[in-house]
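# Close look at the chain arrangement
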Amino acid sequence: MATLDGEIRLRLPFDIFPGAAYLALLSLPAFAERSARPDGETDAQLGVYLGPAYTSETDLNLVQPGRTDMTFRDIAWEGKPFRRPPYYGYRAIYWPGGRYGVMLDFTHIKAIAIKDRPVQQSGFKDGDHVQPQAPVSATLKRLEFTHGYNLLTLNALRRGAPRGPNLIPYVGLGLGVAIPHVEVQRTDPPQSARTDEYQITGPALQVLGGIEWRFSRRLSLFVEYKLSCAMIRGDLVGGGKVTTNLCTHQLLAGPAVHLRARDAIPASP
C-alpha cells in the first residue's frame with residue numbers, strides 16, 4: 001500500500017502474485033470444455049469451512065486529535081487460524097442450472113499486528129515528528145482484529161465440466177463489506193482510550209477457485225484457494241481513525257449439504 005495525503009491507497013504486494021498463479025491454475029478447468037454432458041443441474045447447498053490463512057504486510061495510517069497523523073510501513077500480521085476463535089466460514093450457494101451460480105459467503109479472519117518489530121514510519125505524533133523507525137508498540141499498545149475483520153460477500157460463480165462423475169471445478173468473484181472488530185489503543189496518554197467494537201466498512205473483494213467432490217447424493221467436500229482484500233477504516237473512541245487495506249491468502253476445505261438430492265449418474269458406455 002502507498003500513502004497519499006494521509007490516505008492509504010491499495011497496491012498489490014509481491015507475495016500476492018503466487019496466489020494469483022494458484023488461482024489461475026485452478027481456474028483453467030472451469031473454463032475448459034472437456035465434457036459432452038449437460039451444463040449442470042439445479043442445485044442449492046450450504047457449506048462450512050476451515051483452513052490456514054496468511055495476511056500480507058500492509059501500511060497503516062493513524063489519525064487522532066492533537067495533531068497525530070502518522071503512517072506505519074509494512075506492518076506484519078499474524079492470523080493464528082487454528083487458535084480460538086479459529087479461521088472459519090459459512091456459505092450458501094445456488095446453481096439455477098447451467099454453468100453460473102451465486103454464493104453468499106461469510107468469512108471470519110483474524111489479523112493481529114506484530115507490534116515489537118521495528119517498522120518505517122512518518123508523520124506527526126502529538127504534534128512532534130516521529131522517528132523514522134520504531135516498533136509499532138512504541139505508539140500502539142493494541143492493534144488487532146482478534147474477533148475478525150469479517151467479510152460478507154456476494155459472489156458470482158462459474159463451474160466447469162465434471163472430471164469423472166464426481167469432481168467439479170469452479171471459480172468465483174465476490175464483492176461485499178467488511179465487519180471488523182476494531183481493537184486499537186495508544187500506549188500512553190493523552191489519546192489512550194481503548195477502541196473495542198464491531199464496525200462496518202469496506203468495500204471487500206475476493207477471488208477464488210476450487211474443486212468439489214460430490215461423493216453422495218446430498219453430501220460433498222470442497223477444497224479451495226481464496227484471496228480476500230478489504231479496505232479497513234476504524235473509527236476510534238475519542239476521535240480519529242485507523243486506515244489500512246488487508247489482503248489474506250486462504251487455503252480452505254469443508255463439507256457441503258445439498259438441499260436437492262442428486263440425480264442418479266448414468267453408467268458410462
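Summary of the structure given here.

Cut-offs applied
Residues numbered from 1 in each chain as written. Predicted model: local features only at pLDDT ≥ 70, side-chain atom pairs only at ≥ 80, totals over all residues. Heavy atoms only, no water. 1 Å grid on protein atoms, 1.4 Å probe; cavity = no way out; pocket = protein on both sides within 12 Å on 5 of 7 lines; lining within 4 Å. Points joined across faces, edges and corners; volume = space filled by probe spheres on them. Helix = DSSP H or I, 4+ residues; strand = E, 2+ residues; numbered from the N terminus. Nonpolar A, V, L, I, M, F, W, Y, C, P; charged D, E, K, R; others polar. Phe/Tyr/Trp six-rings, centres within 6.5 Å; stacked < 30°, edge-to-face > 60°. Buried < 20%, exposed > 50% of the residue type's maximum accessible area, 1.4 Å probe, protein only.

On to empty space enclosed by the protein, then. A probe as big as a water molecule, rolled over the atoms, marks out the empty space that is left. Taken as a whole and assessed by the stated rule, the structure comprises three cavities of 30 Å³ or more. By volume, the largest cavity amounts to about 80 Å³. Every residue along the wall of the largest cavity is listed here: Gln45, Arg91, Ile93, Trp95, Leu157, Arg159, Ile168, Pro169, Tyr170, Glu212 and Phe222. Elements supplying a minimum of two residues to the lining of the largest cavity: β8 (88-95), β15 (149-159) and β16 (167-186). Looking at the lining of the largest cavity residue by residue, the class counts come to seven nonpolar, one polar and three charged. Empty space within the second largest cavity amounts to approximately 40 Å³. Forming the boundary of the second largest cavity are ten residues, of which Gln64, Val184, Gln185, Arg186 and Ala193 lie nearest the centre. Only β5 (58-64) and β16 provide two or more residues apiece to the lining of the second largest cavity. Split by residue class, the lining of the second largest cavity holds five nonpolar, four polar and one charged.

Turning our eyes to something else, we now look at the environment of Phe82. Tracing the sequence through the fold places Phe82 in the loop between β7 (77-78) and β8. Spatially, the C-alpha atoms of Phe82 and Gly51 are 7.8 Å apart, while their sequence positions differ by 31 residues.

Let us now look at the packing of aromatic side chains. For the structure shown, the criterion picks out seven aromatic pairs. Here Tyr90 and Phe106 contribute two aromatic rings whose centre-to-centre distance is 6.5 Å and whose plane-to-plane angle is 15 degrees, an arrangement assigned as stacked. Taken together, the residues span a long stretch of sequence, with Tyr90 in strand β8 and Phe106 in strand β9 (residues 100-108) at a distance of 16 residues. Given the relative accessible area of 46%, Tyr90 is considered partly exposed.

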